[in-house]
Each structure stands twice: as structure tokens, then as C-alpha cells.
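Structural features, examined
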Amino acid sequence: MRLVIALGGNALLKRGEVLSAENQRRNMRAAADALARACQGHEVAIVHGNGPQVGLLALEAEAYRAVPPYPLDVLGAESQGMIGYVIAQELRNARPGWPVTAVITQTVVDPHDPAFKTPTKPVGPVYAAGDVERLKAEHDWTFAPEGQGIRRVVPSPRPIAFVEQATIERLIAAGETVVCAGGGGIPVREEGGRYAGVEAVIDKDYAAALLAEQVQADRLVILTDVDAVYVGWDGPSPEPIREIRAAELRRHAFAAGSMGPKVGAACDYVERTGQRASVGALSQAEAVASFQSGTLIAP
């Protein structure tokens, strides 16, 4: 069976943790065994998030004023290399001899996508309200509330295609577990066969859904830090959804910066392919991948 697994940022960083290399490696090491069990016996591509990491790299770039700050596409490439390295290494450590390959992936987007006018993708750390005005003045960034704090938001255009798709497919077919399209992929535009970077961050769940469709995956599995999709998450009595059709799930509203893209991406994949998708906890990865846990989304 061929799976595409979208790995949430919680694989490397828990909410509220310092974004240190030590914390990220420790978290990935703890997640590696559950992820390895989910992958066992399957052809697999793993797509990971990079919101906290690319935000940190942007802050570091702004702090050194001797050179112009690097654009988001370059920071996305840097984060892909860093996170792909940690994931691939810890998966091999969990299962010695396991063939795992990380592929730096470029994702084509439409430069006229309306997302460029309405930034929604959270990147970087959570800030206290008192820090936001200073950061707006210093960096001309856009911010949006998240939980009890505030995060920077950037444009998040929809993915159209992957430049390295043929390579990814060959590796999957050869038995490699492929870590690819990290952070949704490096956003690029294509004109006349030439590519150029775009100032944006692509949502990894929509990228995973597109990749799952294009490589003809049998299942899309979205792993995060909650055990299911919930109705009324912010209310007094949230209710988990265990099984639902995509059309019905779309009738519910979910936060744009958290569960919204996961639900939208899963529904896109299900409706375009007729296959099923699941959303659930990384700690229960094997059960979520086999539709025994989480939220099952059916055509």
C-alpha cells in the first residue's frame, strides 16, 4: 500500500517549547518509533511542517544587518534540509538499515494566487501582545491571534505541482521512504521552463494532499497533536468526529491557522481520488494510518 503521511510540527516541537536543536531532535526521536510502525510494509512519502523553524530563521536573518535578509523561499530550503536531516536520521536510528531519503523539493505556485493579498500561514514563535507593535514597526510583518498569544502570518498559496515529482516517484517505487515537500515545498513560480523563488510559505497539508493524488497514494494520513478532528473545539463540550464523509465535514468551520487546512486538504484528496484519508495523533500513528484511530474521512 502506498501512503503519504503529513507530519505536523509537533513531531519536532511541542507547544510552548524553546525552538532549540536539542528539543527538536528529542521530540523526533520520541516520535520515530510510532512513525516507523505506521510505515512498516508500505511505500511511503513523508511531508513535514516547518512553520516554527522558518520563522526562527527569518528572525535570525533580520538580526544580522550586514547583509539583506534572506527571502522566505531560501529560508524554506534551509528548513527543509535541517528538518529532513533530523527526520531521516532518527527514522534510521529507530529501524537500522531502513532506507530513508530526504529530497529538497520545489513546489510551483501561481504568483497571482489571492493568498498573496491575505496572509494566513502562521510562522515563527508565539508572541505576547506587548511585542507585536514593536515587531510590526521593525519588520512590517502581519500578525494574527493564536491561542493565548499572537503569531506572524505570511502568504500561503496553494501548490500546483512539484518540480522533483518524477524523482520522488522513482524513489518510492524503489522502496525508499521519502521525506519530501517539507514545509509544503520551496515556493517557486515557473515561466518558460525557468523557476524563481516566491516570498511565501506553502501549507504542508495541502502539499501532502496534492502529492498523494499525483503519486496515486492509497491513503493520506495527517498526523498532529490531537487525537481527532473535533466539532466545537473552543466550546465547553468539544466532540470528536470518528467517521464522516468529506462533503459533510466541509459544512463545519475550523480555524484557518490550525485544523482548517488539515480538514480542507483531506477533503480535497478524498473528493479528487475517491480514496480515504485520516487525521489523528502522531503518538497513535500506526492506528491512524490503518483507520483504527483518529478521524476517518470517506468519499
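Residues numbered from 1 in each chain as written. Predicted model: local features only at pLDDT ≥ 70, side-chain atom pairs only at ≥ 80, totals over all residues. Heavy atoms only, no water.

**What to know about the nonpolar core**
Our working rule: The term nonpolar core refers to a set of buried residues drawn from Ala, Val, Leu, Ile, Met, Phe, Trp, Tyr and Cys, joined through side-chain atoms within 4.5 Å. Residue exposure (1.4 Å probe, protein chains only): buried if accessible area is under 20% of the type maximum, exposed if over 50%, otherwise partly exposed. Put simply, DSSP marks the helices as runs of H or I at least four residues long and the strands as runs of E at least two long, and each gets a number from the N terminus on. A contact between two residues is defined here by any heavy atoms of the two lying within 4.5 Å.
If you look at the biggest cluster of nonpolar residues, it comprises 43 residues, and the most contacted ones within it are Val4, Leu211, Leu220, Val229, Leu249, Tyr269 and Ile297. Secondary structure elements with two or more residues in this core: strand S1 (2-7), strand S2 (43-48), helix H5 (165-173), helix H6 (204-214), strand S12 (219-224), helix H7 (246-249), helix H8 (259-273) and strand S16 (276-281). Apart from residues no more than four positions distant in its own chain, leucine 249 is found in contact with Val229, Ile241, Ile244, Phe254, Val263, Cys267 and Ile297. Ranked by size, the runner-up nonpolar core spans 29 residues in total, among them Cys39, Val100, Val221 and Ala285.

**Points about helix H1 (residues 21-39)**
Using the following cut-off: A helix is expected to span 1.5 Å multiplied by its residue count minus one. Consider a residue and the seven residues that end there alongside the seven that start there; fitting an axis to each set, the bend is the angle between those axes.
Over its 19 residues, H1 runs 25 Å from end to end, which matches the ideal 27 Å to within 8%, given 1.5 Å per residue. Where H1 bends most, at alanine 32, the angle is about 40°. By the burial criterion, the buried members of H1 are Asn23, Gln24, Arg25, Asn27, Met28, Ala31, Ala32, Ala34, Leu35, Ala36, Ala38 and Cys39. Packing partners of the buried residues in H1 comprise S1, S2, helix H2 (51-63), helix H3 (72-94), S12 and helix H9 (285-289). Directly after H1, the chain includes glycine 41, whose backbone phi takes a positive value near 80°.

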